[in-house]
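Summary of structural features
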Amino acid sequence: NQFIGKGYYGKQNKGYGWILTKNEDEQFDEVFFESKIAKAFALRQEYFSNEATSAFRLLNGEGDGLGGLTIDYFDGYLMVTLYSKGIYSFSEAILEALEKVITNQKIKYSGLYQKKRFDDKGTYVEDNDFVSGIQAPEPLIIKENNMNYAIYLNDGPMVGIFLDQREVRKTLRDQYAKGKTVLNTFSYTGAFSVACALGGSVKTTSVDLANRSRAKTKEQ
């Protein structure tokens, strides 16, 4: 009979939901989400002035106290990703809170997208991910540590690059790739292969089960 925490229920591939607060009186409303988003964005302000990189994560799920939610920045476009119906039930409050943080922190952006990374029947929720503003060009060319990548913000559950691998790609290019023959398995769109090629690899071979990966890798 002792209070432990307060969260939301929403079956997903990582479990059945997330604890969001240990404060019994805290409510999951616009004020709550605004506070979490503002704190996360403030920690990443320096990235906006990084001329070598134009795509990065602004809010990283449970690491920023909002399990099941990420917010990414792609060269002037914002992407909100929701990983369960549980967090999706708060989407209106989240978007309103995001709008206030963007205004208060004077973040310039052209358009907003929202992805639903949960399902009812074992498949991704197919939907138009564009929410507001101006739609991004296809492809949108983003820069990461002075490497260019082609991404698509409104093309299925993923955009074409995993931002959490930024430092891995940089390290491959700067420390390991020169003179090497590289096999990139589970290659997706070949982002690691691009980094290795730019780092001086003799040859890169990209392998992935998905048929569309070949065309995506050639584009990169």
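Residues numbered from 1 in each chain as written. Predicted model: local features only at pLDDT ≥ 70, side-chain atom pairs only at ≥ 80, totals over all residues. Heavy atoms only, no water.

This part is about the overall build of the chain. A count of helices and strands for the chain gives six helices and 11 strands. In terms of overall dimensions, the chain is globule-like: its C-alpha atoms have a radius of gyration of 19 Å, near the 17 Å expected for 220 residues. Each principal axis of the C-alpha atoms in the chain carries an extent, and together these give about 60 × 40 × 35 Å. Evaluated residue by residue, the chain yields a buried proportion of 44% over its 220 residues. Sequence-distant contacts in the chain: of pairs separated by 6 or more residues, those separated by 24 or more amount to 49%. Of the accessible surface of the chain, which amounts to about 12400 Å², a share of 49% is contributed by carbon and sulfur atoms. Put simply, the chain has 28 plus and 28 minus side-chain charges, and the middle of one group is 8 Å from the middle of the other. (Helix = DSSP H or I, 4+ residues; strand = E, 2+ residues; numbered from the N terminus. Rg over C-alpha atoms; globule rule 2.2 N^0.38 Å. Buried < 20%, exposed > 50% of the residue type's maximum accessible area, 1.4 Å probe, protein only. Contact = heavy atoms within 4.5 Å. Areas by Shrake-Rupley, 256 points an atom, 1.4 Å probe, with all protein chains shown as cover. Lys, Arg positive; Asp, Glu negative; His and termini not counted. Charge placed at Lys NZ, Arg CZ, Asp CG, Glu CD.)

Moving residue by residue along a regular strand, the side chains alternate between the two faces of the sheet. Among the six residues that make up strand β5 (residues 77–82), six are buried, leaving the element largely enclosed by the rest of the structure. Pairing of strand β4 (residues 69–74) with β5 involves six bridges; the strand directions are antiparallel. Across the sheet, the residue bridging to L69 is L82, located in β5. Here β4 hands over to β5 after two residues, with D75 in that stretch at a positive phi of 45°. Where β5 lies against strand β6 (residues 111–116), six bridges are found, and the strand directions are parallel. Bridge pairing links M79 to Y113 in β6. (Pairing = 2+ DSSP bridges.)

So, about the packing of helix α1 (residues 30–43) against helix α3 (residues 91–104). Relative orientation of the contacting elements α1 and α3 amounts to 45°, with a least axis distance of 8 Å. It follows from the interaxial angle that α1 and α3 lie oblique. The two elements α1 and α3 cross, and the hand of that crossing is right-handed. On α3, the residues touching E30, F33, E34, I37, A38 and F41 of α1 are A93, I94, E96, A97, L98, K100, V101 and N104. Here the contact of α1 with α3 is built from residues that sort into nine nonpolar, one polar and four charged. (Axes fitted to C-alpha atoms, helices over the stretch in contact; angles between N-to-C directions. Parallel < 35°, antiparallel > 145°, perpendicular 65-115°, else oblique. Left-handed = near helix turned anticlockwise from the far one by under 90°. Nonpolar A, V, L, I, M, F, W, Y, C, P; charged D, E, K, R; others polar.)

Another aspect to go through is the nonpolar core. The tendency in soluble globular proteins is for nonpolar side chains to be buried side by side. Judged by nonpolar contacts, the single largest core of 28 residues is most densely connected at F33, I37 and F41. Listed by contribution, the elements that provide at least two residues to this core are α1, β3 (55–60), β4, β5 and α3. Residue contributions to this core peak at six residues, all from α3. The residues touching F33, leaving out its near neighbours within four places in the chain, are F28, L66, I87, F90, A93, I94 and A97. Within the second largest apolar cluster, 19 residues are counted, among which are F74, L153, A191 and A195. (Core = buried A, V, L, I, M, F, W, Y, C linked by side-chain atoms within 4.5 Å.)

Per the counting criterion, the structure on display carries 10 salt bridges. The partner of R166 in a salt bridge is E167, with the nearest N and O atoms 3.5 Å apart. Across the salt bridge formed by D174 and K170, the nearest N and O atoms sit 3.3 Å from each other. One end of the pair is D174 and the other is K170, both in helix α4 (residues 166–176) and four residues apart, which spans about a single turn. The exposure class assigned to K170 is partly exposed, which follows from its relative accessible area of 30%. Three or more residues are tied together by salt bridges with common partners; here these are D155, R212 and K216. (Salt bridge = Lys/Arg side-chain N within 4 Å of Asp/Glu carboxyl O.)

Pairing is mixed in the open sheet, where five strands are placed in the order β3-β4-β5-β6-β7. Here the strands that pair on one side only, and so sit at the sheet edges, are β3 and β7 (130–133). Averaged over all neighbouring strand pairs, the angle between strand axes comes to 20°, with direction disregarded. α1 rests against β3 and β4 of the sheet, and its axis sits at about 140° to β3.

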